Amino acid sequence: GAHKILKDEALEHKQVIIFLDETHYILQNARENFQKSVTAIMESKYPIIGFSATPNTWVNNTLLGIQNNISIDVEELPDKIINPIKVEAGLQRYVAEEYSKTDGEKWVMFMEKKKDQYRMKELLQENNPNLKVNVLNADTKYDGEEKTWKKLMKTGKLPLKYDVVIINSVAQTGLNLKNPNIDRVLLVGHFDPYGFVQYLGRVRNYNKEYYYYFNDSGRKWVKGANNETINREIEKQESLVDAFKYYNKDWEPEKMMELFPE
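Please read all numbers here as calculations on a predicted model, not as lab measurements.

A. Broad picture of the nonpolar core. I167 and L177 are the most contacted members of the largest nonpolar core, which totals 22 residues. Taken together, the elements giving at least two residues each to this core come down to β4 (107–110), α8 (146–155), β6 (164–167), β7 (184–188), α9 (193–200) and β8 (210–214). Top contributing element to this core by residue count: β8, with three residues. Non-local contacts of I167, meaning those with residues more than four positions away in its chain, are made with V108, M109, F110, M111, Q117, L136, L175 and L177. I85, A96, W107 and L124 belong to the second-largest nonpolar core, a separate cluster that totals 20 residues.

Shown next, in the form of structure tokens:
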């Protein structure tokens, strides 16, 4: 509803500043889902203060007109250890069977599509009908899991009764999980670079390996990845977006080859 506020003529220009959290989200799907609001923000000409743990140069400078950047460095930040596992076929069933080999561990699983979330829940409970599996997405936020969402937003903790919690991209926008007893965090399927890094930071008290299960449709660049390689891939994506910005009117393939010799 930001467009409704920004289009309100009662706003006094000298007193308006826009604070925009998770600015990277606009690069992913906010522009598609919230076109009116994004356009209103861009056209408002109000000062913008943006926040992001994975800031995007193109979004901040070109799209939102943010001219000044303030970086906050964290000392002694441990590297995230990612264990990539390629699954040739039956990705979701494979992951469900992996859980059945554990002794009642607590898992948090990130997936992209809602239909895949429900399919994963079905397969997990197919192996163990008594397994308590919770699916969190935009639908369950308002229909079925209101209490869970309310607790999560208020305390940052998931109910202890669940064995597996499956969360989709809603977790990229400000959600922090503070449960101290999570045994494994998994990423299953296809993830964009920004989304990938965002997921790695959402489970605050988790210091173990992350498990990334993917097939041919997944991001192969994650194989053997660490923070450095992930961030390098993000920079490449940024450069690609910037390149299109500068060269899309007069397309010059040789210029693109210079930017991306690989």
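Back to the write-up after that little detour.
B. Up close: the pattern of salt bridges. With the rule as written, the count across this model stands at six salt bridges. The partner of R202 in a salt bridge is E22, with the nearest N and O atoms 3.3 Å apart. You can see R202 sitting in the loop between α9 and β8 and its partner E22 sitting in the loop between β1 (18–20) and α2 (25–33), a full 180 residues away along the chain. Among the residues examined, R202 registers a relative accessible area of 5% and is labelled buried. Linking D139 and K114 is a salt bridge whose minimum nitrogen-to-oxygen distance equals 3.1 Å. Taken together, the residues D139 in helix α7 (residues 138–142) and K114 in helix α6 (residues 114–127) connect sequence positions 25 residues apart.

C. Seen up close, the environment of K106. In this structure, K106 sits in the loop between α5 (91–100) and β4. Sequence spacing of K106 and V165 is 59 residues, and the spatial spacing of their C-alpha atoms is 8.3 Å. Residues in contact with K106, not counting those within four places in the same chain, are L160, K161, Y162, D163, N181, I182, D183 and R184. Polar side-chain contacts of K106 include one of 2.9 Å to the backbone oxygen of Y162.

The rules we used
- Numbering of residues starts from 1 in each chain and follows the order in which that chain's sequence is written.
- In keeping with the predicted nature of the model, local features appear solely for residues at pLDDT of at least 70, side-chain atom pairs appear and are counted solely at 80 or more, and the whole-chain, interface and lining totals rest on all residues.
- Calculated side-chain values reflect all of the structure's heavy atoms, with hydrogen atoms and water omitted.
- We call a set of buried residues a nonpolar core when its members are Ala, Val, Leu, Ile, Met, Phe, Trp, Tyr or Cys and they connect through side-chain atoms within 4.5 Å of each other.
- When accessible area is computed with a 1.4 Å probe and restricted to protein chains, residues below 20% of their type maximum are described as buried, those above 50% as exposed, and intermediate ones as partly exposed.
- The secondary structure listing takes helices from DSSP runs of H or I that are at least 4 residues long and strands from runs of E that are at least 2 residues long, numbered from the N terminus.
- We call two residues contacting when some pair of their heavy atoms lies within 4.5 Å.
- When a carboxyl oxygen of Asp or Glu lies within 4 Å of a side-chain nitrogen of Lys or Arg, that pair is called a salt bridge.
- Throughout this description, a polar contact denotes any pair of N or O atoms lying within 3.5 Å of each other; where both atoms belong to protein, one of them has to be capable of donating a hydrogen while the other can accept it, and for residues adjacent in sequence the pair is counted only when both atoms sit in side chains.

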